[in-house]
Structures are given as structure tokens and as C-alpha cells.
Amino acid sequence: MVILASPLSDESIRRTVTGLGDLPSLPRTYEALTLALADPDTSLQKVAQIVEQDVGISAKVLQLVNSAFFGIAHSMTNIQSAVSYLGINTLKNLVLSVEIFRAFKPKKDLPGFSLEKLQHHAQLTAHIAARLPVPKHLVDVAVVASMLHDVGKLILAWKLSDHFAEVLAAALAVSSPAYQAEERADGFSHAEIGAYLLGLWGLPYTIVEAVALHHGPNRVPHQHFDAISAVYAANLLAHELEQPSGSGPNPYDLENYKEEFETLGVWEMIPEWRELAKTMPASAPDV
């Protein structure tokens, strides 16, 4: 097993996270679901009752199941039926995403940062990752890590808003990805910050590792195309797709990342994956 000491052992990361003050604990509804689902005798009714205790999440569950993305013939208004249709893993992913975006909502608007766009990017990345050739037992890890890969940006926008705004402006000035400007300014990026928090919350090691390395998968060796590789590829595919045409140099042009993809052994798959990304629903429901 690869030890995640390298990306998260930097003392400056620890000081930054601990210096942020109080951070939210593991989201309540997600924790309740995790505990309930640890019991093999937990009924679907019990799961539905946990969801129903949160009006916001209940609304999102019904919004998702009734969206064009699923294409069901009749409107569904019952939480238990919706939970049954979505499945437990999709439900947990949805709940965690909703609660995290709600917990870390920035206190003020920041130039160059949009919560809605970040949320849509997380969804698109997860949709793409789910379709990449990841071993079956790692698909859920890749999807959850994709949904959470930019949680560090939420933390920075919430707790270090002025500094984060300066970093975003610096990235824009030289047409570089935000993480590169973060690394130039601080020596680390939102990837490590987000992973550190997820580790504190006790999320599975595989998810924490994929989040920490979503900009640098080749910092660890790969025996196959794993969850780390999938989150890295899906994130770049989503970013490239989201860049408006005619807006100048695209910092997420996949040609810029050819060496990394070649090291992962998947460069020849990129044209096919680009076409796959284009098939993802543009109007996937916000979660």
C-alpha cells in the first residue's frame, strides 16, 4: 500500500489547516447514514427516515430522481421510493456533496470564484469518472473523490477569502490553473488542504489519497488505472470541456498534460475519453 505521507506530511499544510480555526465536523446526515448502513439489518425505511429529517437533502433527492438525467416516466414524490431507485451509494454521494457545499458556503462573493460552477464541475467530473475504465471495486471511490476533489477550494474561499482571491487573480493573469498559482504562493494547493480535512473526518484512505493527488497522480506508482488516475483524468476532461471557446489560451488543454497521461499509460485513450465527456448531460441537476 502506498503511504500518503508525501502529499500531506508537509508541516506548512498542517499549520494552515490548524490555523483556520473551527471547521465543520463530519456532516451530520452523512454520518448518520454511514452508521446506519454499517448495520446489515438496516431497512430502506430507516434510511429514508434519516434523509427525511433534512428538508434540504430530501428536496435534492427528489430533484435528482425526477430529473431528465434519470428519465423516469412518472414523477416520484416518496423519499423511500426515491432512495430505492437511486441506490445507497448514489444517495451517500449526494448527501455528502449537499452537506459539504452547504457547510462551506463562502461568506462573500469572490472575483473568479463561483460556488455554482464549482458544484457543476464536481458533478461533471464524477459523471466522467464513473465511465472511465476503473476496476469495479474502485468505481465508488473514484466517484466520491471526484465529487469532493475541490473541497479545498471551498475551505480557502470560506476561511482565507482575501488570499484565495489574490491567488485566483494571479492564475488568471498568466492563464494558469489555480492550483499552480496556489503552489507558487504557498507551496501546496487546495488538493492537499481538502484531503487533510477529509482525513480528519475519517473518510476512507483511498478517497483521501485520490483527492490529495488529483493534480499530481504520478507522485505515487500505479499498477493499473486506479481511482487516483480516474479523478485526475476526469477533472482535466471536465475542465477542458468547460472552457469557453475563443477565450484565450486554455490552461486545461490536455496536450499540456501529455507527459503525465503517458506515464499513466492512457494517452492513446484521450480522444475517446474526450468524446465520452461530451456525452455527459449538460443539465445534470445541481446537488
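In this text the structure is predicted, and so the values were computed from the model without any measurement. (Residues numbered from 1 in each chain as written. Predicted model: local features only at pLDDT ≥ 70, side-chain atom pairs only at ≥ 80, totals over all residues. Heavy atoms only, no water.)

### A few points about the overall build of the protein
Scanning the protein from N- to C-terminus turns up 17 helices and zero strands. In terms of overall size, the protein behaves like a compact globule, its C-alpha atoms giving a radius of gyration of 19 Å where 287 residues would be expected to give roughly 19 Å. Oriented by its inertia axes, the alpha-carbon framework of the protein measures out at about 50 × 45 × 40 Å. Out of the 287 residues in the protein, the part that is buried amounts to 51%. (Helix = DSSP H or I, 4+ residues; strand = E, 2+ residues; numbered from the N terminus. Rg over C-alpha atoms; globule rule 2.2 N^0.38 Å. Buried < 20%, exposed > 50% of the residue type's maximum accessible area, 1.4 Å probe, protein only.)

### Topic: empty space enclosed by the protein
Summed over the entire model, instances satisfying the criterion amount to one cavity of 30 Å³ or more. Its boundaries defined by the atoms lining it, the largest cavity holds a volume of some 50 Å³. Lining the largest cavity, in full, are Ile-100, Phe-101, Leu-118, Ala-122, Met-147, Leu-148, Asp-150, Val-151 and Leu-154. Those elements that place two or more of their residues in the lining of the largest cavity are α7 (88-103), α8 (115-129), α9 (139-148) and α10 (151-159). Grouping the constituent residues of the lining of the largest cavity by class yields eight nonpolar, no polar and one charged. (1 Å grid on protein atoms, 1.4 Å probe; cavity = no way out; pocket = protein on both sides within 12 Å on 5 of 7 lines; lining within 4 Å. Points joined across faces, edges and corners; volume = space filled by probe spheres on them. Nonpolar A, V, L, I, M, F, W, Y, C, P; charged D, E, K, R; others polar.)

### Overview of the side chain of His-149
Along the chain, His-149 turns up in the loop between α9 and α10. Residue classification places His-149 among the buried residues on the basis of a relative accessible area of 0%. Here Asp-150 takes part through its side chain, which lies 3.2 Å from a polar atom of the side chain of His-149. Separated by 3.0 Å, the side chains of His-149 and Asn-235 make a polar contact. The contact partners of His-149, leaving out residues within four places of it in the chain, are His-121, Ala-122, Thr-125, His-190, Val-211, His-214, Val-231 and Asn-235. (Polar contact = N/O pair within 3.5 Å; in protein donor to acceptor, adjacent residues only side chain to side chain. Contact = heavy atoms within 4.5 Å.)

### Comments concerning the layout of surface pockets
Empty space within the largest pocket amounts to approximately 930 Å³. In terms of lining residues, the largest pocket is bounded by 27 residues, among which Gly-112, Lys-117, His-239, Gln-243 and Tyr-252 are the most central. Counting residues per element, the ones that place at least two in the lining of the largest pocket are α8, α11 (161-173) and α15 (227-242). With five residues, the single largest contributor to the lining of the largest pocket is α11.

### Let's talk about the packing of α11 against helix α12 (residues 178-186)
Following both chains from N to C, one finds α11 and α12 inclined at 120 degrees, their axes separated by 8 Å at the closest point. Taken together, the axes of α11 and α12 are oblique relative to one another. The element α11 and its partner α12 pack so that their crossing is right-handed. Facing His-163, Phe-164, Val-167, Leu-168 and Ala-171 of α11, the residues of α12 in contact are Ala-178, Ala-181, Glu-182, Ala-185 and Asp-186. Of the residues that constitute the contact of α11 with α12, the class distribution is seven nonpolar, one polar and two charged. (Axes fitted to C-alpha atoms, helices over the stretch in contact; angles between N-to-C directions. Parallel < 35°, antiparallel > 145°, perpendicular 65-115°, else oblique. Left-handed = near helix turned anticlockwise from the far one by under 90°.)

### Focus on the pattern of salt bridges
Overall, the coordinates contain nine salt bridges when judged by the stated rule. Put simply, Lys-153 and Asp-150 hold a salt bridge, and the shortest N to O gap is 4.0 Å. Taking relative accessible area as the criterion, Lys-153 reaches 11% and is therefore assigned buried. What you see here is one network of salt bridges that share partners, running through Asp-54, Glu-99 and Arg-102. (Salt bridge = Lys/Arg side-chain N within 4 Å of Asp/Glu carboxyl O.)

### Focus on the nonpolar core
By size, the foremost hydrophobic cluster in this structure holds 93 residues, and its most contacted members are Val-61, Phe-104, Ile-128, Leu-132, Leu-154, Leu-203 and Phe-261. In terms of residue count, the dominant contributor to this core is α15 (ten residues). Every residue in contact with Phe-104, bar those within four places of it in the chain, is listed here: Leu-23, Pro-24, Val-151, Leu-154, Ile-155, Trp-158, Leu-197 and Trp-201. (Core = buried A, V, L, I, M, F, W, Y, C linked by side-chain atoms within 4.5 Å.)

### Focus: the environment of Val-61
Here Val-61 shows up in helix α5 (residues 55-65). C-alpha separation for the pair Val-61 and Lys-105, spaced 44 residues apart in sequence, amounts to 20 Å.

### Some thoughts on unusual backbone geometry
For residues that are not glycine, phi is negative in most cases, and the peptide bond is trans in most cases. Even without a glycine there, the phi angle at Ser-175 is positive, about 55 degrees. In this structure, Ser-175 sits in the loop between α11 and α12.

### Considerations on the environment of Ala-191
Here Ala-191 is to be found in helix α13 (residues 190-200). Judged by relative accessible area, which is 1%, Ala-191 ranks as buried. In this structure the C-alpha to C-alpha distance between Ala-191 and Ala-38, which are 153 residues apart in sequence, comes to 29 Å. Those residues within four positions of Ala-191 in sequence are excluded, and the remaining contacts are Val-211, Ala-212, His-214 and His-215.

### Thoughts on the confidence of the model for the protein
Summary statistics for the protein give a mean pLDDT of 86 and a share of 92% for residues scoring 70 or more. Every residue in residues 1-5 is under pLDDT 50, and counting partners more than four places away or in other chains gives eleven contacts. Predicted confidence for residues 283-287 stays below pLDDT 50, and this span has 17 contacts to residues more than four positions away or in other chains. (pLDDT = per-residue confidence, 0-100.)

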